[in-house]
Amino acid sequence: RAASPGTLAYVGLSGGAEIGIHAFVNESGLAGCWQPGPVVRDPGNGQRPQLMLRALAERCVNCQQALANFTELHGRYGLYTPGDRGVMFLLADASGETLQIEARTLKAVHGAQREGLVIVANQFQLPDSPGGPQAREVHRQRKLSEYLLSMPLDPCRALAGARLHSGPNEQGVCNERSVSSFTAVLGSPCDVPWAAVSIGSPRCVQPVVLFTGHGVPLPLVDGSAWSSAEALRERLSSTGLADEKRAGVDRKFAEILAPLAEKPLDVSERDKVTEEPYTYLLDFMDEANAPA
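Residues numbered from 1 in each chain as written. Predicted model: local features only at pLDDT ≥ 70, side-chain atom pairs only at ≥ 80, totals over all residues. Heavy atoms only, no water.

Colleague: Any details on empty space enclosed by the protein? Residues and values, ideally.
Modeller: Enumeration over the complete set of coordinates arrives at two cavities of 30 Å³ or more. Each pocket or cavity is described by its volume, and for the largest cavity that value is around 60 Å³. Lining the largest cavity are Leu159, Ala160, Ala162, Arg163, Ser181, Ser198, Pro202, Val205, Gln206, Pro207 and Arg246. Per-class residue counts for the lining of the largest cavity are six nonpolar, three polar and two charged. Taken as a whole, the second largest cavity holds about 30 Å³ of empty space. Lining the second largest cavity we find Val197, Ser198, Ile199, Gln206, Val208, Leu220, Ala225, Leu281 and Met285. Grouping the constituent residues of the lining of the second largest cavity by class yields seven nonpolar, two polar and no charged. (1 Å grid on protein atoms, 1.4 Å probe; cavity = no way out; pocket = protein on both sides within 12 Å on 5 of 7 lines; lining within 4 Å. Points joined across faces, edges and corners; volume = space filled by probe spheres on them. Nonpolar A, V, L, I, M, F, W, Y, C, P; charged D, E, K, R; others polar.)

Colleague: Outline the pattern of salt bridges, supporting the account with residue identities and numerical values.
Modeller: Applying the stated criterion across every chain, the model contains eight salt bridges. Its salt-bridge partner being Asp42, residue Arg104 comes within 3.4 Å of it at the nearest N-O pair. With Arg104 in the loop between β5 (98-103) and β6 (108-113) and Asp42 in the loop between β3 (31-39) and α1 (49-59), the pair connects residues that are 62 residues apart, well separated along the chain. The exposure class assigned to Arg104 is buried, which follows from its relative accessible area of 18%. Residue Asp42 is classed as buried on the basis of its relative accessible area of 17%. Here Glu269 and Lys263 are joined by a salt bridge, their closest N and O atoms 3.0 Å apart. Look at Glu269 and you get partly exposed, because its relative accessible area is 24%. (Salt bridge = Lys/Arg side-chain N within 4 Å of Asp/Glu carboxyl O. Helix = DSSP H or I, 4+ residues; strand = E, 2+ residues; numbered from the N terminus. Buried < 20%, exposed > 50% of the residue type's maximum accessible area, 1.4 Å probe, protein only.)

Colleague: I'd like to hear about the packing of aromatic side chains, residue by residue, with values.
Modeller: Counted under the stated rule, the structure contains one aromatic pair. Cation over ring: Arg48 sits above Tyr80, and NZ or CZ is 4.3 Å from the ring centre. For Arg157, the ring lying beneath its charged end belongs to Tyr147, and the centroid distance is 4.4 Å. (Phe/Tyr/Trp six-rings, centres within 6.5 Å; stacked < 30°, edge-to-face > 60°. Lys NZ or Arg CZ within 6 Å of the ring centre and 35° of its normal.)

Colleague: If you had to explain the sheet that holds strand β8 (residues 194-199) to someone new, which residues and values would you point to?
Modeller: Sheet strands associate in pairs through backbone hydrogen bonding, adopting either a parallel or an antiparallel arrangement. The strand order across the open sheet built from three strands is β7-β8-β9, with neighbouring strands paired in antiparallel fashion. Either end of the sheet is taken by a strand with one partner, and the two such strands are β7 (180-185) and β9 (208-211). Each adjacent strand pair in this sheet contributes to an overall mean axis angle of 25°, direction not counted. Pairing of β8 with β9 involves four bridges; the strand directions are antiparallel. Following the sheet pairing, Trp194 is matched in β9 by Phe211. (Pairing = 2+ DSSP bridges. Axes fitted to C-alpha atoms, helices over the stretch in contact; angles between N-to-C directions.)

Colleague: Go over helix α5 (residues 224-236), please, and point to the residues and values.
Modeller: In a regular helix each residue adds 1.5 Å, so 13 residues correspond to 18 Å; α5 covers 19 Å between its end C-alpha atoms and thus fits that length. Residues of α5 that are buried include every one of Ala225, Ala229, Glu230, Leu232 and Arg233, and no others. One side of α5 holds all its buried residues, which, seen down the axis, span an arc of 165°. (Expected span 1.5 Å × (residues − 1). Arc of directions from axis to C-beta.)

Colleague: Break down the sheet that holds strand β1 (residues 10-13) for me, with residues and values.
Modeller: Pairing is antiparallel in the open sheet, where six strands are placed in the order β1-β2-β3-β4-β5-β6. Whereas interior strands pair on both sides, the edge strands pair on one side only; in this sheet they are β1 and β6. Each strand of the sheet is rotated relative to its neighbour by a mean of 15°, with strand direction disregarded. Relative to β5, helix α2 (residues 63-77) is tilted by about 15°, and along the sheet it contacts β4 (85-92), β5 and β6. (Contact = heavy atoms within 4.5 Å.)

Colleague: So, unusual backbone geometry: which residues are in play, and what are the values?
Modeller: Across the chain, the bulk of peptide bonds are trans and the bulk of non-glycine residues have phi less than zero. Positive phi is not limited to glycine here, since Asn122 has a value of about 65°. Here Asn122 is to be found in the loop between β6 and α3 (139-148). Residue Asp191 is not a glycine yet carries a positive backbone phi of 75°. Relative to the helices and strands, Asp191 resides in the loop between β7 and β8.

Below, the structure written as structure tokens:
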């Protein structure tokens, strides 16, 4: 979305009929997402999490401002808890601070840090969580933390983290129900926050690069790319692209991303970096859908 008067531009991930969002990065380098937590005994009345997150995306430049805005909105309206589930929000800003919020209708707690790794997975973790902490490390958290801490992180390695899949009796980061991924890059030599977004299972399709307030190829929003991705997932199943083929695909995608690590980009250069991953996605889908 481009900025409306008095708001910040952002890239957001949302359901087709939503007016709120599920994940975002805005032009100031603040990123955030939300997900349902554990079952809570709650009246469940208040503002929907998707709208809460959109308000933070449009108004806030860092985690501390996001916390102040969330506290005000939560105190004024309460929070809707979908499916009688608590809600977790996770935010990070370009200064390196992360903010974890765990909430129910009328109570919320938070924790902030500048060092280490924060991974949330449908369980309250903070010591004073509403209803008491229920933290237990699940397989997807352990798998992701081992992967992310195994060597220095860069955007390409972070993108691959969205594809970590599950074994026979465990839930991976990506599984048969995964329909998209959103990886935000908050600060880089290109001087503009950006996001790599897969429209479709991240194990089956390549992501595209989107900049805040910049144009988006029409098939990404009119359903065309989604329909193609779903057809590919039906063919490849939840295991996605074979690892031996994935290596070559990733090398090509890394070449496309290279300018983002070199210098600030003007508008025409951003257009090119948006168009090239999209063109590559189309070529990739054509090849992957070709008869074996």
